Amino acid sequence: MARVKDIEVNEASKEIRSIYEKFIETYGPFANQAKVFAHRPIIFKHMMSMLMELADKPIIDKRYLEIAIVSVSAVNKCDYCVAHHAPNLISEGLSDITIDNILEKDCPGLQPLDILVRDYSVQITKDHNKVQDKQFKELREYFSEEQMVELTFRITLCTFFNKFNDVMQLEMEESHLLYLKT
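Only a predicted model underlies this, so the values are computations on that prediction, with no experimental measurement involved.

1. Some thoughts on the state of the cysteines
- What the rule picks out here adds up to zero disulfides.
- The cysteine Cys81 is free of any disulfide, with Cys78 supplying the nearest cysteine sulfur at 3.6 Å.
- Since its relative accessible area comes to 5%, Cys81 is described here as buried.

2. Observations concerning the pattern of salt bridges
- Taken as a whole, this structure holds 10 salt bridges when the rule is applied.
- Of the charged contacts in the structure, one is a salt bridge between Lys45 and Glu15, with a shortest N-O distance of 3.4 Å. Pair noted here: Lys45 is in helix H3 (residues 41-56) and Glu15 is in helix H1 (residues 14-26), with a separation of 30 residues, a long-range link.
- Accessibility expressed as a relative area gives 45% for Glu15, which makes it partly exposed.
- Residues Asp119 and Arg118 are paired through a salt bridge, measuring 2.7 Å at the closest nitrogen-oxygen approach.
- Residue classification places Asp119 among the partly exposed positions, given a relative accessible area of 33%.
- Classification of Arg118 as buried rests on a relative accessible area of 3%.

3. Let's talk about the packing of helix H4 (residues 62-75) against helix H5 (residues 79-91)
- Look at H4 against H5: their axes get within 9 Å of each other, and the N-to-C directions meet at 155°. With respect to each other, H4 and H5 are oriented roughly antiparallel. Helix-helix and strand crossings are classified by hand; for H4 and H5 the assignment is left-handed. Together, Lys62, Arg63, Glu66, Ile67, Ile69, Val70, Ser73 and Ala74 of H4 and Cys81, Val82, His85, Ala86, Asn88 and Leu89 of H5 make up the contact between the two elements.

4. Points about the environment of Ile16
- Inspection of the secondary structure puts Ile16 in helix H1.
- Overall, the relative accessible area of 0% leaves Ile16 in the buried class.
- Residues Ile16 and Met148, spaced 132 residues apart in sequence, show a C-alpha to C-alpha distance of 31 Å.
- Excluding its chain neighbours within four sequence positions, the residues that come into contact with Ile16 are Ala38, Pro41, Phe44 and Lys45.

5. Regarding the packing of H4 against helix H7 (residues 112-127)
- Packing of H4 against H7 leaves a shortest axis separation of 8 Å and a crossing angle of 40°. Considering the angle they form, H4 stands oblique to H7. Of the two possible hands of crossing, H4 and H7 adopt the one that is right-handed. Here H4 contributes Arg63, Tyr64, Ile67, Ala68, Ser71, Val72 and Val75 to the contact with H7, which in turn contributes Leu113, Asp114, Val117, Arg118, Ser121, Val122, Thr125 and Lys126.

Calculation notes
Residues numbered from 1 in each chain as written. Predicted model: local features only at pLDDT ≥ 70, side-chain atom pairs only at ≥ 80, totals over all residues. Heavy atoms only, no water. Disulfide = S-S within 2.5 Å. Buried < 20%, exposed > 50% of the residue type's maximum accessible area, 1.4 Å probe, protein only. Salt bridge = Lys/Arg side-chain N within 4 Å of Asp/Glu carboxyl O. Helix = DSSP H or I, 4+ residues; strand = E, 2+ residues; numbered from the N terminus. Axes fitted to C-alpha atoms, helices over the stretch in contact; angles between N-to-C directions. Parallel < 35°, antiparallel > 145°, perpendicular 65-115°, else oblique. Left-handed = near helix turned anticlockwise from the far one by under 90°. Contact = heavy atoms within 4.5 Å.

See below:
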């Protein structure tokens, strides 16, 4: 159970109820996260609306975005996020073995661009002040400036979610317990 009371859709303020309903219906199985964010409608409104808009208007291939998110979440040891994003990587053709070993140097199943995205995500998460120009330049061979901005934003936003989820002790949705690695 989370450290704060769950706010169900029918208990949410009128200001966010329609966003809450749409988020639960369309964004994915993040109901327990929504129940906590609903305590502060202004945060809920902007954060969840932004996530849905980014999902509706993607500019980065989902494979790379999910590799970044799972890599960051593995570094930060956020079981909630790894369990919720692992199915997305599986749908992108990666195996459980790849997901379980995503931080390993010679991770099986990762292509060269996957590794560049993974390494960039890990570097930002572990020591953002040491991102090298060479690493950024290598990624720029595949991603536009607009994509680099979003990729970097999503990597750093993921660290926020990892910390928030763990501090608030979000309970894993039952549907994702099978992806929880012990």
